[in-house]
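As a plain string of letters, each chain reads:
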Amino acid sequence: MKRNLLSIIILALLVVNIVLSAIMMVSVSSASKKTASLVADIATIVGIEVNGLPDSDLTPTVSMADTAVHNVAGELTIPLKKGEDGEDHYAVGSVSLSMDSKNKDYKKYSETMADMDGIIKDIVFAVMGNYTVDEARTNSEPIKQEILKKIQERFDSTFIYGVSYNFLYN
């Protein structure tokens, strides 16, 4: 009889152990889901995507064989917006445009791109002048996208699909 009573106690403890394990798994998994949701919300706010950077609507995929580059003539010295230090800062460097040679507008504009350098420089000056030296150093991609958008609006075409620049900041 003592063996049967001992077996019943062991069986009862096993059932209690299984019930407590199930309760623990449910509570841990729900907390894990909430944590994953919180991390996803924070990543969305910051602009980080799990699968890398988002594709831009302004940047079509163009092969290197179909890419033509126009280097804007001359070195640009752009006055930047005053920052927290209150001092004047400048960006000094050059700008290049990536163009799709298969685009229908490429033929129309490619021969006269050198004549358009003044318009392009004006757009670059206007956009870069809205940023402080710290913003320009740390956030070049939004600046490039804004320059590209304004150039595409000005030319009323997307044959220019990329902007590259190399600036030193003072």
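Thresholds, definitions, all that
- Residues numbered from 1 in each chain as written.
- Predicted model: local features only at pLDDT ≥ 70, side-chain atom pairs only at ≥ 80, totals over all residues.
- Heavy atoms only, no water.
- Helix = DSSP H or I, 4+ residues; strand = E, 2+ residues; numbered from the N terminus.
- Buried < 20%, exposed > 50% of the residue type's maximum accessible area, 1.4 Å probe, protein only.
- Contact = heavy atoms within 4.5 Å.
- pLDDT = per-residue confidence, 0-100.
- Axes fitted to C-alpha atoms, helices over the stretch in contact; angles between N-to-C directions.
- Parallel < 35°, antiparallel > 145°, perpendicular 65-115°, else oblique.
- Left-handed = near helix turned anticlockwise from the far one by under 90°.
- Polar contact = N/O pair within 3.5 Å; in protein donor to acceptor, adjacent residues only side chain to side chain.
- Core = buried A, V, L, I, M, F, W, Y, C linked by side-chain atoms within 4.5 Å.
- Salt bridge = Lys/Arg side-chain N within 4 Å of Asp/Glu carboxyl O.

Enquirer: Got a sec to walk through the overall build of the protein? Specific residues and values, please.
Expert: The helix and strand inventory of the protein stands at 5 helices and 4 strands. Listing every helix and strand of the protein by position from the N terminus yields α-β-β-β-α-α-α-α-β. Each principal axis of the C-alpha atoms in the protein carries an extent, and together these give about 105 × 45 × 20 Å. Taken over 170 residues, the protein has a buried fraction of 28%. Counted over contacts in the protein with a minimum sequence separation of 6, partners at least 24 positions apart contribute 72%.

Enquirer: Quick one: what's the story with unusual backbone geometry, residue by residue and with numbers?
Expert: Positive phi values are uncommon outside glycine, yet Asp 156 reaches one of about 55°. Checked against the element boundaries, Asp 156 lands in the loop between helix H5 (140-155) and strand S4 (160-169).

Enquirer: If you had to explain the confidence of the model for the protein to someone new, which residues and values would you point to?
Expert: In this model, the protein carries a mean pLDDT of 85, and residues with pLDDT of at least 70 account for 91%. With pLDDT under 50 throughout, residues 53-59 is counted as low confidence; its partners more than four residues away or in other chains account for 10 contacts.

Enquirer: How would you sum up the packing of helix H3 (residues 117-128) against H5? Please name residues and give values.
Expert: Viewed as axis vectors pointing N to C, H3 and H5 meet at an angle of 140°, and their least axial separation amounts to 10 Å. By the angle between their axes, H3 is oblique relative to H5. When you trace H3 past H5, the crossing you get is right-handed. Contacts from Ile 119, Ile 120, Ile 123, Val 124, Val 127 and Met 128 of H3 reach H5 at Ile 143, Glu 146, Ile 147, Lys 150, Ile 151, Arg 154 and Phe 155.

Enquirer: Give me the side chain of Ser 157: which residues, what numbers.
Expert: Within the fold, Ser 157 resides in the loop between H5 and S4. By relative accessible area, which is 8% here, Ser 157 ends up buried. In terms of polar contacts, Ser 157 uses its side chain to reach the backbone amide nitrogen of Phe 159, at 3.2 Å. Dropping the residues within four chain positions of it, Ser 157 is found in contact with Asn 103, Asp 105 and Gln 152.

Enquirer: A description of the nonpolar core should follow, citing residues and the corresponding values.
Expert: Counting residues in each nonpolar core, the largest one holds 31 residues, and the members touching the most others are Met 128 and Ile 147. Contributions of two or more residues to this core are made by strand S2 (76-80), strand S3 (89-100), helix H2 (104-110), H3, helix H4 (133-138), H5 and S4. Contact partners of Met 128, with chain neighbours within four places excluded, come to Ile 78, Leu 80, Ala 91, Ala 136, Ile 143, Ile 147, Tyr 165, Phe 167 and Tyr 169.

Enquirer: Please provide a residue-by-residue account of the environment of Gly 162, values included.
Expert: In this structure, Gly 162 sits in strand S4. Since its relative accessible area comes to 13%, Gly 162 is described here as buried. With 66 residues separating them along the chain, Gly 162 and Ser 96 place their C-alpha atoms 8.4 Å apart. Not counting chain neighbours up to four residues away, the residues in contact with Gly 162 comprise Ser 96, Leu 97, Ser 98 and Leu 148.

Enquirer: Which residues make up the pattern of salt bridges, and what are the values?
Expert: One pass over the full model with this rule turns up 4 salt bridges. Close ionic contact of Asp 105 with Lys 104 constitutes a salt bridge, the shortest N to O distance being 3.8 Å. Overall, Asp 105 belongs to the buried group, its relative accessible area being 10%. Here Glu 141 makes a salt bridge to Lys 144, at a shortest N to O gap of 3.8 Å. Of this pair, Glu 141 and Lys 144 both sit in helix H5, separated by 3 residues, roughly a single helical turn. Residue classification places Lys 144 among the buried residues on the basis of a relative accessible area of 17%. Bridged by salt links that share partners, the residues Lys 104, Asp 105 and Lys 108 form one connected network.

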